[in-house]
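# Notes for the structure review
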Amino acid sequence: MQHASLKRRSTRSWHSAVGIAASTAILLGGIGAALAQGTPQRGGTVVIAMAGDPPAVNPDTSQGVPDKQIGCMVYESLVRVTKSYEAAPLLAKSWDISPDGLTYTFHLVDAQWHDGRPFTSDDVKFTLTEVSAKYGSRFAAAAKAIKSIDTPDAHTVVVNLSSPFGPFLLSLACSANAAILPAHLLRGQDVLKHPATLTNPVGTGPFMLTEWVRGDRIVLQRNPNYWKTPEPWLDRIVAKIIPDPSARFLALQAGEVDYMNAYFFSLTAYDLVSKNPQLKLGDTSYPTNDLILFNTRRPPLDDRRVRQALFMALDRDFILKTVFFGIGSIAKSAIDDRLAWAYNPDIDYNRMYPYSPEQAKALLDEAGLKPGADGARFTISLVYDSTRPDWLAWAQVTQRFWQAVGVKVTLEGADRAVVLKRVYTDYDFGATLQAYTTSGDPALGIGRLYLTSAIRQGTAFNNGSRYSNPDVDRLFAAAENAPNQADRARSYRQAQEILARDLPSLTIHQTADKEPAAVRVHGLWEGAEEYSFWGWVWMAQR
């Protein structure tokens, strides 16, 4: 079924007779769910746990979870995405879409930046053209579709597309590198090095960053002048930096931490949390995948036969059961099968590349990689984030399977900042463990893994493998510009056939992300991208 947000609307305003009902349902649906948990109470401090300090707090220049966790509480986007993958109003209170799907007219709320300056259409145009389009790997597909942006007045933005782009509204969310930034601070500046990106964000959002003690805590204070009354309900949010996964969980159990993003939560703790009456588990919405990315420019990994052999050397069923505790599912294709309309049912990695050490050895022999005197064919470095729960186990299991076919593996774990630099700036790796969200649409979350245009040195969570195939580029472009979902699906299914052959990355695991929180914290998990919904989170006072 096509997502409601992807259906083409007429020139009637979102706030026409039908539009009012639609927007009210989307805007209030999550609020209704939150209020169903009780009457919101003003005040309180929620403590969240993170593994490390975010390298930046600008959601448009990074794909990192810590960066967005903090950044999207301070900065806001034109829309936010509901659990049903629909775009709901945020800084854009309404919008009109032309019948041909080429013109989007956004009507903006009356808001101000944390420094007191007014938020205007100029901020939107500056952000989308000068920041999101240049540095946002998840906004890249939308950026290619934008022909021009007009600002007829301070509260109106007109975006003109060169061709229809199905997920355009979804691409305007904070998590999609489209948080609106203050033009009066960043225009003419080095965006990547500016304090508004690195240390001192100035947004329009419900919280303001007031203290940052590196390695210990980040404090966000309630914005007293927030435009969206009565939000926010909380007085403060404190992000505690706890690098050790076991220490994070102990802090959660002890009541010292109230919430933890799935990225920082160990699968081993699910049962313990579910049995603790003071804690609860919630589902995150966007399908996310755990992958192994190859450095396809480094021999012998530039030979697809070697990548295919390494895939067949992995017992993915064993990995699912022992590393991921049977939670989630084994991936079948480059496109998550939960995006059913885009997934190609003829592609099944389990059938195409079954666990077979003998076939793996034969392929490596065919590629000219015979075992040496020590039994090793070649050596590969496996780089991973050592602060991620369960990833040491994943790295060790991978090492064991690959070494069983004569590939020596050096495990190189490091903290997140070091890993991101090695993988996406220095390209200093053979293979790396990574997690990528699909963002609910291949154009937003999956294309950045494989497109030549997504090879952006220094920008994290893009095409770190540096794989380049003109046919894949063409098919993804055709899908992005197709007038309907059926045509989009046809192109994506053809692209999956090529990617299943080339395997620039190995999609290992389709996650079933769950997040823990204290039962006294309400209003969580109301959107597909939870970062933008903290305004209505509230805490039952003890």
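Scroll up to find the structure.
Residues numbered from 1 in each chain as written. Predicted model: local features only at pLDDT ≥ 70, side-chain atom pairs only at ≥ 80, totals over all residues. Heavy atoms only, no water.

## Some words on empty space enclosed by the protein
Applying the stated criterion across every chain yields a total of seven cavities of 30 Å³ or more. Looking at the largest cavity, its volume works out to about 570 Å³. Val65, Asn261, Tyr263, Thr288 and Asp513 are, among the 36 residues lining the largest cavity, the residues nearest its centre. Here the lining of the largest cavity takes three residues from strand S19 (residues 431-437), the largest share from any one element. Its residues placed into classes, the lining of the largest cavity shows 16 nonpolar, ten polar and ten charged. (1 Å grid on protein atoms, 1.4 Å probe; cavity = no way out; pocket = protein on both sides within 12 Å on 5 of 7 lines; lining within 4 Å. Points joined across faces, edges and corners; volume = space filled by probe spheres on them. Helix = DSSP H or I, 4+ residues; strand = E, 2+ residues; numbered from the N terminus. Nonpolar A, V, L, I, M, F, W, Y, C, P; charged D, E, K, R; others polar.)

## Describing the sheet that holds strand S16 (residues 329-330)
Strand order in the open sheet made by the six strands is S16-S20-S15-S19-S17-S18, with mixed pairing throughout. In this open sheet, the two strands that pair with only one neighbour each are S16 and strand S18 (407-414). Seen against the sheet, helix H13 (residues 391-403) touches strand S15 (288-294), strand S17 (378-385), S18, S19 and strand S20 (505-510) and runs at an angle of roughly 170° to S18. (Pairing = 2+ DSSP bridges. Contact = heavy atoms within 4.5 Å. Axes fitted to C-alpha atoms, helices over the stretch in contact; angles between N-to-C directions.)

## A few points about helix H2 (residues 65-74)
Among the ten residues in H2, ten count as buried, and that is most of the element. Among the residues making up H2, those that are buried are Val65, Pro66, Asp67, Lys68, Gln69, Ile70, Gly71, Cys72, Met73 and Val74. (Buried < 20%, exposed > 50% of the residue type's maximum accessible area, 1.4 Å probe, protein only.)

## Some thoughts on the state of the cysteines
Within the structure shown, the criterion is met by one disulfide. A disulfide bridge connects Cys72 with Cys174, and the sulfur atoms are separated by 1.9 Å. As the torsion about the S-S bond is roughly -95°, the Cys72-Cys174 disulfide counts as left-handed. Taken together, the residues span a long stretch of sequence, with Cys72 in helix H2 and Cys174 in the loop between strand S8 (156-161) and strand S9 (179-180) at a distance of 102 residues. (Disulfide = S-S within 2.5 Å.)

## Structural notes on the pattern of salt bridges
For the structure on display, the rule yields 26 salt bridges. As a salt-bridge pair, Glu231 and Lys228 come within 2.8 Å of each other at their nearest N and O atoms. Accessibility classification places Glu231 together with Lys228 in one group, the buried group. Where Glu412 meets Arg422, a salt bridge forms, and the shortest distance between an N and an O atom there is 2.6 Å. Linking Glu412 in strand S18 with Arg422 in helix H14 (residues 416-424), this pair joins segments that are ten residues apart in sequence. (Salt bridge = Lys/Arg side-chain N within 4 Å of Asp/Glu carboxyl O.)

## Considering the sheet that holds S8
Pairing is antiparallel across the open sheet formed by four strands, whose spatial order is S5-S6-S8-S7. The sheet is open, and its two borders are formed by strand S5 (92-97) and strand S7 (146-153), each paired with just one other strand. Put simply, the sheet's adjacent strands are angled 20° from each other on average, direction ignored. Both S5 and strand S6 (residues 103-108) contribute to a ladder of five bridges, which runs antiparallel. In the strand pairing of S6, Ser94 is matched with His107. Across the face of the sheet, helix H3 (residues 121-135) comes into contact with S6, S7 and S8 while running at roughly 165° to S7.

## Comments concerning the side chain of Glu480
When you line up the elements, Glu480 lands in helix H16 (residues 470-481). Beyond its immediate sequence surroundings of up to four residues, Glu480 is in contact with Ala141, Lys144, Pro164, Phe165, Gly166, Ala443, Leu451 and Tyr492.

## Structural notes on the layout of surface pockets
In this structure, the largest pocket occupies an estimated 400 Å³ of space. Lining the largest pocket are 17 residues, with Pro55, Thr61, Leu420, Gly458 and Ala460 positioned closest to its centre. Of all elements in the fold, only helix H6 (195-198) and H14 reach the threshold of two or more residues within the lining of the largest pocket. The greatest single-element share of the lining of the largest pocket, amounting to four residues, is contributed by H14. Residues that form the lining of the largest pocket fall into these classes: nine nonpolar, six polar and two charged.

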